[in-house]
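The primary structure of each chain is shown beneath.
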Amino acid sequence: FTATSCHTDSCDMATVATRTIEVRSVATRTTIGYEGSDVSHLEWCEGDKVAYVTDGVGDTFKVAEMTDGANGWSFNAEVPESATNIIVIYPVGNNAGKSLSEVTLSLESEIVQTAGEDFDGRLLPMVATSQLPAGNNIDVVYECLASVIRFNVVGGEGHEVESLKSLSLTANQPL
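First things first, this report covers the structure right here in the doc. Keep in mind it's a predicted model, so treat the numbers as computed, not measured. (Residues numbered from 1 in each chain as written. Predicted model: local features only at pLDDT ≥ 70, side-chain atom pairs only at ≥ 80, totals over all residues. Heavy atoms only, no water.)

1. Side note on unusual backbone geometry
Looking along the chain, the bond that leaves Tyr-90 and enters Pro-91 is cis, with omega of -5°. Note that Pro-91 resides in the loop between strand 9 (85–90) and strand 10 (126–131). (Helix = DSSP H or I, 4+ residues; strand = E, 2+ residues; numbered from the N terminus.)

2. Looking at the side chain of Arg-19
With respect to the element layout, Arg-19 can be found in strand 2 (residues 15–24). Within the buried core, Arg-19 has no salt-bridge partner, and the shortest N-O distance to an opposite charge, that of Glu-81, equals 4.2 Å. Of the polar contacts made by the side chain of Arg-19, one reaches the backbone oxygen of Pro-133; its length is 2.7 Å. Here Arg-19 is in contact with Ala-77, Glu-78, Val-79, Glu-81, Leu-132, Pro-133, Ala-134 and Gly-135, once residues within four sequence places are set aside. (Buried < 20%, exposed > 50% of the residue type's maximum accessible area, 1.4 Å probe, protein only. Lys, Arg positive; Asp, Glu negative; His and termini not counted. Salt bridge = Lys/Arg side-chain N within 4 Å of Asp/Glu carboxyl O. Polar contact = N/O pair within 3.5 Å; in protein donor to acceptor, adjacent residues only side chain to side chain. Contact = heavy atoms within 4.5 Å.)

3. Concerning the environment of Val-63
Along the polypeptide, Val-63 turns up in strand 6 (residues 62–65). In sequence terms Val-63 and Val-92 are 29 residues apart; their C-alpha atoms lie 7.1 Å from each other. In this view, Val-63 contacts Lys-49, Val-50, Ala-51, Val-92 and Ala-96; residues no more than four positions away in its chain are not counted.

4. Description of the nonpolar core
Within soluble globular proteins, side chains that are nonpolar tend to cluster in buried spots. Ranked by size, the top nonpolar core spans 21 residues in total, and within it Val-50, Phe-75 and Tyr-142 carry the most contacts. Listing elements by their share of this core, those giving two or more residues are strand 2, strand 5 (49–54), strand 8 (72–80), strand 9 and strand 10. Residue contributions to this core peak at four residues, all from strand 8. Setting aside its immediate chain neighbours within four residues, Phe-75 contacts Ile-21, Glu-22, Val-23, Val-50, Tyr-52, Ala-64, Glu-65, Met-66, Val-88 and Tyr-142. Ala-51, Val-53, Phe-61 and Val-92 belong to the second largest nonpolar core, which has five residues in total. (Core = buried A, V, L, I, M, F, W, Y, C linked by side-chain atoms within 4.5 Å.)

5. Considering the pattern of salt bridges
In the structure shown here, the tally under the stated rule is three salt bridges. Its salt-bridge partner being Arg-24, residue Glu-22 comes within 4.0 Å of it at the nearest N-O pair. With a shortest N-O distance of 2.6 Å, Asp-139 and Arg-24 are connected by a salt bridge. Taken together, the residues span a long stretch of sequence, with Asp-139 in strand 11 (residues 137–139) and Arg-24 in strand 2 at a distance of 115 residues.

6. Topic: the side chain of Asn-95
When you line up the elements, Asn-95 lands in the loop between strand 9 and strand 10. In this structure Asn-95 comes out as buried when scored by relative accessible area, which is 0%. Among the polar contacts made by the side chain of Asn-95, one reaches the main-chain carbonyl oxygen of Val-92 at a distance of 2.9 Å. Among the polar contacts made by the side chain of Asn-95, one reaches the main-chain carbonyl oxygen of Thr-104 at a distance of 2.8 Å. If we skip the residues at most four places from it in the chain, Asn-95 touches Phe-61, Ile-89, Val-103 and Thr-104.

Below you can see the structure in the form of structure tokens.
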């Protein structure tokens, strides 16, 4: 099938052949879930949306909602037949309709998570890039622009007046 594509004021209503592919996102999630009381992992949530664009001439970011199906979490992407690569971002932000050169993702310099409250995955931007398959589905792996570190500070008898005032982290590689 074909779709009309127009990205300039002097549009000639050119017809661009497209196809639909299923983009599966099995390895990365948007909120923190817990197994028992001490093992955490990220999970996709109903209503999570991503934005995607291809390297097709004049392509702009489109929005898709993640769905939980037989093959795990995925979305359907409408891509130009001529495209060879896809880029997916989370969260969508204000990127719908923008070209790749116009896209923005922001990361807070400091995030404080209150114990017991749900983590807002939109605070943890992610990007996936992949070559488009010859077939109708693809698995993408997201790169997170930050990490979540979970601490559990437990006081004990005789330490009631002590409190944690600061914490410094170091790494073997630049962060």
